[in-house]
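Tertiary structure, described
Residue-level listing of the chains:
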Amino acid sequence: MEVSEIYVHDARLYRVIEDLEADLIVMQVDLPILELNEELQPRFLVFEDAYGHQAFEGKIVGTTVILDMHVLGRSAGWQQIRIETTAGYRDLFCASVRVSEDNPIGCPGTVR
């Protein structure tokens, strides 16, 4: 799935789980169902063959909200992703990204 195909504006970010053995970065979120619709559904953003997750965010009151997610660059099968949030931004590298209804690494962080 292409990053541009995933609508994230106003998604709520609850937790980030990194599975070093599986090279996964998983974000537990509430995603908008459709553009221009305020209804959110619990989901996981799954970044596969992922590494280099860095958060450049400050402290805020309340839940962090995702404003945008886009590709900064591509090289040799990798893409650098930037996730803009109400607290700042996050960067990571991955081979692919997908949306999942289930927690792919089976650790704490189940959908509410």
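These figures come from a predicted structure and were not determined experimentally.

**Topic: the sheet that holds strand β5 (residues 64–75)**
In spatial order, the strands read β4-β7-β6-β5-β1-β2-β3-β8; together these 8 strands make up an open sheet with antiparallel pairing. Looking at strand neighbours, the two that pair on one side only are β4 (51–57) and β8 (96–100), the edges of this open sheet. This sheet shows a mean twist of 25° between the axes of neighbouring strands, independent of strand direction. Pairing between strand β1 (residues 11–19) and strand β2 (residues 24–32): 7 bridges, direction antiparallel. Directly across from R15, in β2, lies its bridge partner Q28.

**Regarding the environment of R98**
Inspection of the secondary structure assignment puts R98 in strand β8. Using a relative accessible area of 31% as the deciding quantity, one classes R98 as partly exposed. Expressed as a C-alpha distance, the spacing of R98 and V26, which sit 72 residues apart in the sequence, is 9.8 Å. With near-sequence residues (within four places) excluded, R98 lies in contact with M1, F44, L45, V46, E48 and P104. Of note is the side chain of R98, whose polar atom sits 2.9 Å from the side chain of E48.

The rules behind these values
Residues numbered from 1 in each chain as written. Predicted model: local features only at pLDDT ≥ 70, side-chain atom pairs only at ≥ 80, totals over all residues. Heavy atoms only, no water. Pairing = 2+ DSSP bridges. Helix = DSSP H or I, 4+ residues; strand = E, 2+ residues; numbered from the N terminus. Axes fitted to C-alpha atoms, helices over the stretch in contact; angles between N-to-C directions. Buried < 20%, exposed > 50% of the residue type's maximum accessible area, 1.4 Å probe, protein only. Contact = heavy atoms within 4.5 Å. Polar contact = N/O pair within 3.5 Å; in protein donor to acceptor, adjacent residues only side chain to side chain.

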